[in-house]
Amino acid sequence: MSAQVGIIMGSKSDLNIMNDAADILREFGVEFEMTVVSAHRTPDRMFSYAKEAAARGLKVIIAGAGGAAHLPGMVASITVLPVIGVPVKSSNSIDGWDSILSILQMPNGIPVATVALNAAKNAGLLAVQILSTAHADLAVKMQAYKDDLRKKVEETAEELENS
C-alpha cells in the first residue's frame, strides 16, 4: 500500500515532535511518508510537494512548523487535500504563540485544521479519523482506541473514589 498521509516539517529540529504523528499512524497501520519541506528555505520544494501530493496517492498532509510557521497554510493554499497544522514551539519561538497564530489564523478559503502546540499525536489521530470515513477498518480501530481511553478514565475514577 502506498503512503496515505504525508508528514512534513519545516526543519529537522521539529522531528522529535512530529515523530508522535508517525507513531500513531504506525499504531493504526496507516502508511505514511515523512520529510523536511521548508516554506522559507525551499519554497520550490514546498510547492512541488503540495502540488504533487494527491497524484502520489496522499489523502491527508500533516504539516508541523515553528516560529513564523507558514508551511501548513502555504501547503493548504496549493493542494486540495486536507492539511493538519501542528504548531511547534521552536528555539526562537515566543512561547509557541507565534506558531499557533500563524497556523490558526488562516484567511477564509484556505482552511488548515490546527491542533494544540506540539500535539502531533492529535494530528495523527485526526488524520486517521479523516481516513476512517472511507475505510471501515480504521473506523473500527478508532472506536476501539476511544473505548480504551474511556476505560482508562473510568478505572482511574474508580481507584480515586475507592481510596
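No experiment lies behind these values; they were computed from the predicted model shown. Residue indices begin from 1 for each chain and proceed along its sequence in written order. Where totals are concerned, whole chains, interfaces and linings use all residues; where local detail is concerned, this predicted model gives features only for residues with pLDDT of at least 70, and gives and counts side-chain atom pairs only at 80 or more. Excluded from the side-chain calculations are hydrogens and water; all other atoms, namely the structure's heavy atoms, are used.

Engineer: Sorry, what's going on with the overall build of the protein here?
Structural biologist: The secondary structure listing takes helices from DSSP runs of H or I that are at least 4 residues long and strands from runs of E that are at least 2 residues long, numbered from the N terminus. Check the secondary structure of the protein and you find six helices and five strands. Only C-alpha atoms enter the radius of gyration, while the globule expectation follows 2.2 Å times N to the 0.38, with N the number of residues. Relative to the globule expectation of 15 Å for 163 residues, the C-alpha radius of gyration of the protein, 17 Å, shows essentially globular dimensions. Principal axes of the C-alpha set define a box for the protein whose edges measure 60 × 40 × 30 Å. Residue burial is assigned from relative accessible area. The probe radius is 1.4 Å, only protein chains are included, and a residue is buried under 20% of its type maximum, exposed over 50%, and partly exposed in between. Per-residue burial over the protein gives 42% buried out of 163 residues. Any two residues having at least one pair of non-hydrogen atoms within 4.5 Å are treated as being in contact. Long-range contacts, defined as pairs at least 24 residues apart, comprise 66% of the intrachain contacts of the protein with a sequence gap of at least 6. Only the protein chains shown count as cover for residues, and all accessible areas are computed by the Shrake-Rupley method using a 1.4 Å probe. Approximately 8800 Å² of the protein is accessible, and the part contributed by carbon and sulfur atoms is 54%. The charge count includes Lys and Arg as positive and Asp and Glu as negative, but it does not include His or the ends of the chains. Here the site of a charge means NZ on Lys, CZ on Arg, CG on Asp, or CD on Glu. Considering the protein, the positive charge centre built from 14 side chains and the negative charge centre built from 18 side chains are found 7 Å apart.

Engineer: What is the right way to read the pattern of salt bridges from this model?
Structural biologist: Throughout this description, the term salt bridge denotes a Lys or Arg side-chain nitrogen within 4 Å of a carboxyl oxygen of Asp or Glu. Evaluated as defined, the whole model comprises five salt bridges. When the shortest N-O distance is used, the salt bridge between Asp-148 and Lys-152 registers 3.3 Å. Note that Asp-148 and Lys-152 are positioned in helix α6 (residues 136–161) at a spacing of four residues, about one turn of the helix. The exposure class assigned to Lys-152 is partly exposed, which follows from its relative accessible area of 47%.

Engineer: Even after reading the chapter, I still don't get the sheet that holds strand β3 (residues 60–66), so can you show me in this structure?
Structural biologist: Remark on secondary structure: sheet strands pair via backbone hydrogen bonds, oriented parallel or antiparallel. We treat two strands as partners when DSSP finds at least two bridges between them. The strand order across the open sheet formed by five strands is β2-β1-β3-β4-β5, and the pairing between neighbours is parallel. Where the open sheet ends on each side, the last strands, each with one partner, are β2 (32–36) and β5 (113–114). Note: strand β4 (residues 83–88) against β5, two bridges, orientation parallel. Across the sheet, residue Gly-85 finds its bridge partner in β5, namely Thr-114. Together, β1 (5–9), β2 and β3 form the strand contacts of helix α2 (residues 43–52), whose direction differs from that of β2 by roughly 165°. Fitted lines through C-alpha atoms serve as axes, helices being fitted only where they are in contact, and the angles separating the N-to-C directions of these axes extend from 0 to 180 degrees.

These figures come from the coordinates and say nothing about function on their own.
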